[in-house]
Amino acid sequence: TQSTWGLRSLVYILLLAGINSATVNMFGEQYDTAQTTSITIIYSGSGTISTEVGQLTALTSLYISTESVSGTMPLELFQLSILESLYFYRTSMSGTLPSEVGQLTSLTSFSFAYMQQFSGTMPTEFGKLTNLLSFSLSLNAQISGTIPTELGQLTGLSQMNLYGTQFSGTIPGTFSKCTKLYSISFYNNMKISGTIASELGLLTGLYSVYLYGNTQISGTLPNELGKLSRLTSLLVYGSTQISGTIASELGQLTALRDFDLENTKISGPIPTEMVRLGSLEAKIRNTTITIGENSYLTQICEKVKSCDFTWTELSSCIKCNAERDL
């Protein structure tokens, strides 16, 4: 009968689907090769990334944050052509970052942080990941070498985190091509040298610039920083070799809220233009910054939200040391 034929057809289809179905065993779980789109391993789950991971052709997100995952990063991982998000944090994995990472051209987010058993350098092939919006390679104690100039090809980036690293050399000027950046976290890099590039002023979408604790970076704060009209945070404290004066152009940063120059070699007077920054919370402790007339000092105290002059010749200005609500 027709109903019997229909039932047989359904059974046949189900059997055929079962025959064609395949799974990959990882972290104590079975993942369907055609249906698995996301894998998240946090706290629970252990083991290694199987070489069969390349069979998970539907995978778009891989998120691993547990010290129970060990082993190396199989090259088959970089065959996942539609992978969009790759996140590794504080695992027990080891090895190096391979050049094959450049094959993951669908990636929009890459985070590789606190992976203390990884060594080697940052592959130049990262420059091929032109769909990246967020890039983080931080707190990796053994990854060293220079920062590739090819990162300047990531023109869609909105966020870049390269802090607490062992990278050496200078900050590439090619970053100026990443005009969609709104945040740069580039702090506590003890081996990075050179100066703060004036091209940073071309990144007019920036809201935050974190350059503190870079003890080998020298030179001055570029005047071009005054072009960053959206900037709310500029932190360079502890970058002990940065010198020069505060450029009057920084008085154009009317959105600036957090400004910290503590423990730098910046000296000279505070520009009169800084009085415009009514919501500013500034810390210029332990510097040789000076100020001219007492009347101007009074304006600073009255206009800005808070200003900490501790351990400077201005420390007697009690008003400026105490935060006020305007």
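Residues numbered from 1 in each chain as written. Predicted model: local features only at pLDDT ≥ 70, side-chain atom pairs only at ≥ 80, totals over all residues. Heavy atoms only, no water.

Caption draft 1: Main features of the overall build of the protein chain. Check the secondary structure of the protein chain and you find three helices and 25 strands. Across the protein chain, contacts joining residues at least 24 apart in sequence account for 56% of those joining residues at least 6 apart. Roughly 15200 Å² of accessible area belongs to the protein chain as shown, and the carbon and sulfur atoms make up 49% of that amount. (Helix = DSSP H or I, 4+ residues; strand = E, 2+ residues; numbered from the N terminus. Contact = heavy atoms within 4.5 Å. Areas by Shrake-Rupley, 256 points an atom, 1.4 Å probe, with all protein chains shown as cover.)

Caption draft 2: Representation of empty space enclosed by the protein within the structure. For the structure shown, the criterion picks out two cavities of 30 Å³ or more. What lines the largest cavity is a set of 14 residues, among which I171, F175, I184, A197 and L200 lie closest to the centre. Of the residues that constitute the lining of the largest cavity, the class distribution is eleven nonpolar, two polar and one charged. (1 Å grid on protein atoms, 1.4 Å probe; cavity = no way out; pocket = protein on both sides within 12 Å on 5 of 7 lines; lining within 4 Å. Points joined across faces, edges and corners; volume = space filled by probe spheres on them. Nonpolar A, V, L, I, M, F, W, Y, C, P; charged D, E, K, R; others polar.)

Caption draft 3: The arrangement of the environment of T149 in detail. Summarising the element assignment, T149 is placed in the loop between strand 12 (143-144) and strand 13 (159-161). For T149, a relative accessible area of 46% translates into the label partly exposed. The spatial distance from the C-alpha of T149 to the C-alpha of G173 is 7.7 Å, given a sequence separation of 24 residues. Setting aside residues up to four positions removed in sequence, T149 forms contacts with P172 and T174. (Buried < 20%, exposed > 50% of the residue type's maximum accessible area, 1.4 Å probe, protein only.)

Caption draft 4: The pairing of strand 10 (residues 118-121), seen in detail. Both strand 8 (residues 95-96) and strand 10 contribute to a ladder of two bridges, which runs parallel. Within strand 10, the position partnered with T96 by the bridge is S119. Bridge analysis of strand 10 against strand 12 gives two bridges, and the strand direction is parallel. Residue pairing in the sheet places T121 in a bridge with S144 of strand 12. (Pairing = 2+ DSSP bridges.)

Caption draft 5: Up close: the packing of aromatic side chains. Within the structure shown, the criterion is met by twelve aromatic pairs. With a centroid separation of 4.6 Å and an interplanar angle of 5°, the aromatic rings of Y163 and Y187 are classed as stacked. One end of the pair, Y163, is in the loop between strand 13 and strand 14 (169-170); the other, Y187, is in the loop between strand 15 (183-185) and strand 16 (192-193), and 24 residues separate them in sequence. Y187 shares its class with Y163; the two are buried. Measuring from ring centre to ring centre gives 4.4 Å for Y187 and Y212, while their planes differ by 15°; the resulting arrangement is stacked. Remark: Y212 occurs in the loop between strand 17 (208-210) and strand 18 (218-219) and Y187 occurs in the loop between strand 15 and strand 16; sequence separation between them is 25 residues. (Phe/Tyr/Trp six-rings, centres within 6.5 Å; stacked < 30°, edge-to-face > 60°.)

Caption draft 6: Region of the structure containing the environment of S183. By secondary structure assignment, the location of S183 is in strand 15. Look past the residues within four positions of S183 in its chain and what remains in contact with it is S158, Q159, M160, L206 and S208.

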